[in-house]
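Chain by chain, the residues:
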Amino acid sequence: MSDLHVVATIPAKPGSEDTVRDGLAALGAESRNEEGCISYEVFESTAVAGTFVTVEVWTGQDALDAHMKSPHFQAALGTFGEHLAGAPAIHTLKPVS
């Protein structure tokens, strides 16, 4: 089984960048401790203000599903809800070559 690569873009409302940034930093720290997490990086776009991007690698779909049901992920959704400018776009990726 090959690793599952995931990219998520998270748009913060203007004025909520610090809340989303801090929450994503905490989410990343917790997520990196999960079984099945190979890597979990959080970035802030320099091209689009207030846009955050996670770049994740999981051992497979089961690990990603468990992550999305984890208490810290669910808590992050609750915290971010009112601070987001739109729904996060989550992309699972497949190799082109």
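Everything below is about the structure printed above this text.
These numbers were taken from a predicted model, which means no experiment stands behind them.

Novice: Hey, could you run me through the environment of glycine 50 in this one?
Specialist: Within the secondary structure layout, glycine 50 lies in the loop between strand S2 (37–44) and strand S3 (51–58). Contact partners of glycine 50, with chain neighbours within four places excluded, come to Ile10, Pro11, Ala12 and Glu17.

Novice: Explanation requested: the sheet that holds strand S1 (residues 4–11) in the structure shown.
Specialist: In a beta sheet, neighbouring strands pair by backbone hydrogen bonds and run either parallel or antiparallel. The antiparallel open sheet is built from four strands, whose spatial order is S2-S3-S1-S4. One side of each edge strand has no neighbouring strand; the edge strands of this open sheet are S2 and strand S4 (89–93). Pairs of neighbouring strands in the sheet enclose a mean axial angle of 15 degrees, with direction left out of account. Across the face of the sheet, helix H1 (residues 17–31) comes into contact with S1, S2 and S3 while running at roughly 165 degrees to S2. Running over the sheet, helix H2 (residues 61–69) touches S1, S2, S3 and S4 and is turned about 135 degrees from S3.

Definitions and limits used
- Residues numbered from 1 in each chain as written.
- Predicted model: local features only at pLDDT ≥ 70, side-chain atom pairs only at ≥ 80, totals over all residues.
- Heavy atoms only, no water.
- Helix = DSSP H or I, 4+ residues; strand = E, 2+ residues; numbered from the N terminus.
- Contact = heavy atoms within 4.5 Å.
- Pairing = 2+ DSSP bridges.
- Axes fitted to C-alpha atoms, helices over the stretch in contact; angles between N-to-C directions.

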